[in-house]
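# Descriptive structure summary
This is what each chain is made of:
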Amino acid sequence: RKDTNEDDALLVERHVQQQGLAVEWTVVQTMGAFRQALVSAAPDLVLLDYHLDGFDGADGLAEIRASGLDLPALVVTGTLGEETAAEIMRLGAADLILKTHLVRLVPAMKREVEAAQIRRRQRAQEVDNRLLNQAMAQTPDAILITDLEGVILYANPALLTLSGYSMEEVVGQNPRLFKSGRHDQAFYESMWSTLRGGATWRGQLFNRRKDGSLWEQQTTISPVYNDQGHLQHYLATGRDITHETELENRVAQAQRLETIGVLTSGIAHDFNNILMPVLGHAELGLQRPPGDPALHHDLEVIQRSAQRAAELVKQVLAFARKSPTEPVSLDLQNLLQDSLRLLRASLPTTVAIEEDLQAAHLRVVADPTQLHQVILNLCTNAGQAMRGRVGRLRVGLRREDLPETPCAQHVMLPAGPYLVLEVGDTGRGIQPDHLESIFLPFFTTKGPGEGTGLGLSITSGIVHGLGGGIQVQSTPGVGTTFKIHLPLGTDPAENAPPAQEGPLPQGRERILLVDDEASLLEVLGAGLQQLGYSTLTFQSPTQALEVLRAVPFVADLLVTDYTMPGLTGFDLATEALKLRPDLKVVVMSGYSDQATEAQALALGCSAFLAKPLGAKPLARAIRALLDAGAAP
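Nothing here was measured: the structure is a model prediction, and the numbers come from that model. (Residues numbered from 1 in each chain as written. Predicted model: local features only at pLDDT ≥ 70, side-chain atom pairs only at ≥ 80, totals over all residues. Heavy atoms only, no water.)

## Observations regarding the pattern of salt bridges
- Going through the model one piece at a time under the given rule, you end up with 20 salt bridges.
- In this structure, Arg549 engages Glu575 in a salt bridge whose closest nitrogen and oxygen atoms are separated by 3.8 Å. With a gap of 26 residues between them, Arg549 in helix α15 (residues 541-550) and Glu575 in helix α16 (residues 569-579) connect regions that are remote in the sequence.
- The exposure class of Glu575 is partly exposed, given its relative accessible area of 25%.
- Two residues, Glu575 and Lys578, come together in a salt bridge whose shortest N-O distance is 3.4 Å. (Salt bridge = Lys/Arg side-chain N within 4 Å of Asp/Glu carboxyl O. Helix = DSSP H or I, 4+ residues; strand = E, 2+ residues; numbered from the N terminus. Buried < 20%, exposed > 50% of the residue type's maximum accessible area, 1.4 Å probe, protein only.)

Written as structure tokens, this is what we have:
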């Protein structure tokens, strides 16, 4: 407050006090003191007398405006003409109070102080909003805001750039706009159950861009509540991890190939053991006279050996797969036994394998390729630790209901049911000062050329990704034991009765067979002819296509290999379907990282079958397709 008359100032102070308003006053009477008080006193309100010695109320208002302060000022004066009053208001006075009518003073003071506080809060909120908008616009993470029904209200530039859509194409749409088809209905139901329960959902999402390509995103979706605690919006933030996942897959693939290199001698040993009875009984069968009953036995041995060889190839290819498959509910004990069969021949005869498997029919939800890798990583490490000595490889599998359990790498497992995979050896052990480092990428105590140091790092990443943990105990010179804890899953098809094969279905349709292997054409063609089909065989896909062009209805179904000279099976299928869109096409492949079932179906093929297969499974697939009608 500033006034020329101290009595006037006391009059105003007394009036304000009588009205019950507590005020801390600073009274000044010169422009210099006024300037200083604006800074030092930090007032909430200024009361100005218009008539002052040395400067008037207009000068005071100008000084407040020059200071840049949002400071309300009330002019309190005795008399004032209309023109002067209008000028005072134009200069920024919040109100004009006559000393003869002070009843308006306190309400005006309260009103202006409150209005100034509201303006300050609004400005602070605007600054916060501007900062938040800038952060959301400039962050490299994708951000999406929806209402409670999932309608998109906002998408930040990072998401628009990532998806290829514009803001106009996104706002008002449902996030199904980005649906990739890689997740089933149960996945989305679980997500929405979490969100509608008021919890935050975290996971990995595959999304589809405007151009049809996919990206993988580490996503967090959080409920947003208003000031009253009511759920109002959902906020989704995501980080593009497509390239990271590709890199992880390449590293894992390199490590799988490293493990296969370790197992190569054992695999070759197994194949030689399989081939010897095949060759021996084939020679015996060729030498036997017609009608010799022993010939049937020779053929049975050859068939069993071929089935063993096919199973061994299947195991190797499953492990060598370039990228992981989708997680499924699987019987870990069966997978473990398959892995041990692949491993057994690669271990020296000085190492005995002791199995203690007590988890028949118990399951985990995981990628079988990744679990195969975990098992072989641990077992090959154990075998290498016992190199040059007599030892025992102990492999156990059991169910345990665990309390909250500490594991390596500062992981604390929550209490619950787990499958515990235990791999122990009687090898040289691990030095205590190395135990904290064994799961680090590229850490190894092996010599040059003996390993990359990625095995345990990848094993750790797989186990933690499944919600599990690892424990390790080791004594130098005595041995090492690893325990893998995996959350127990359920079997959706548990106790389902085994499928009955029944007699082979027959038919009279025309089958076009194309494969560059003459022996394979011969056996498949003969098998189908025995079932009543007419078969036309070609080793050249180009010749087969020429016949189709000349006579498009030469066959009811086309069976083609994928890898052939001149044209691939997909190329032949594409051209054949142009000529005959209703033609049923079956593509077969021994193993190719360039041919998958999804690609075959996308081209319009009816089925994709993995070699090796005999006439029986092929006949069943053909009959099912021909009976299914025109649609693939």
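The discussion continues.
## Here we look at the pairing of strand β12 (residues 391-402)
- With seven bridges connecting them, strand β10 (residues 351-357) and β12 associate as parallel partners. Across the sheet, the residue bridging to Glu354 is Arg394, located in β12.
- Pairing of β12 with strand β15 (residues 416-425) involves ten bridges; the strand directions are antiparallel. Directly across from Leu402, in β15, lies its bridge partner Gly416. (Pairing = 2+ DSSP bridges.)

## Considerations on unusual backbone geometry
- Located in the positive-phi region is Ala42, a residue other than glycine, with phi close to 45 degrees.
- Along the chain, the position of Ala42 falls in the loop between α2 (31-40) and β1 (46-49).
- On the accessibility criterion, Ala42 (53% relative accessible area) is exposed.

## Observations regarding the sheet that holds strand β22 (residues 607-610)
- Spatial ordering of the open sheet is given by β19-β18-β20-β21-β22, a layout of five strands whose pairing is parallel. Each edge of the open sheet carries a strand with a single partner, namely β19 (534-538) and β22. Sheet twist, expressed as the mean angle between neighbouring strand axes with direction ignored, is 20 degrees.
- As paired strands, strand β18 (residues 510-514) and strand β20 (residues 557-561) are joined by four bridges and run parallel to one another. Within β20, the residue paired with Ile511 across the bridge is Leu557.
- The strands touched by helix α14 (residues 518-530) are β18, β19 and β21 (584-589); relative to β18, the strand with the most contacts, the crossing angle is about 170 degrees.
- Against the sheet, α15 touches β18 and β19, its axis set at about 130 degrees to β19. (Axes fitted to C-alpha atoms, helices over the stretch in contact; angles between N-to-C directions. Contact = heavy atoms within 4.5 Å.)

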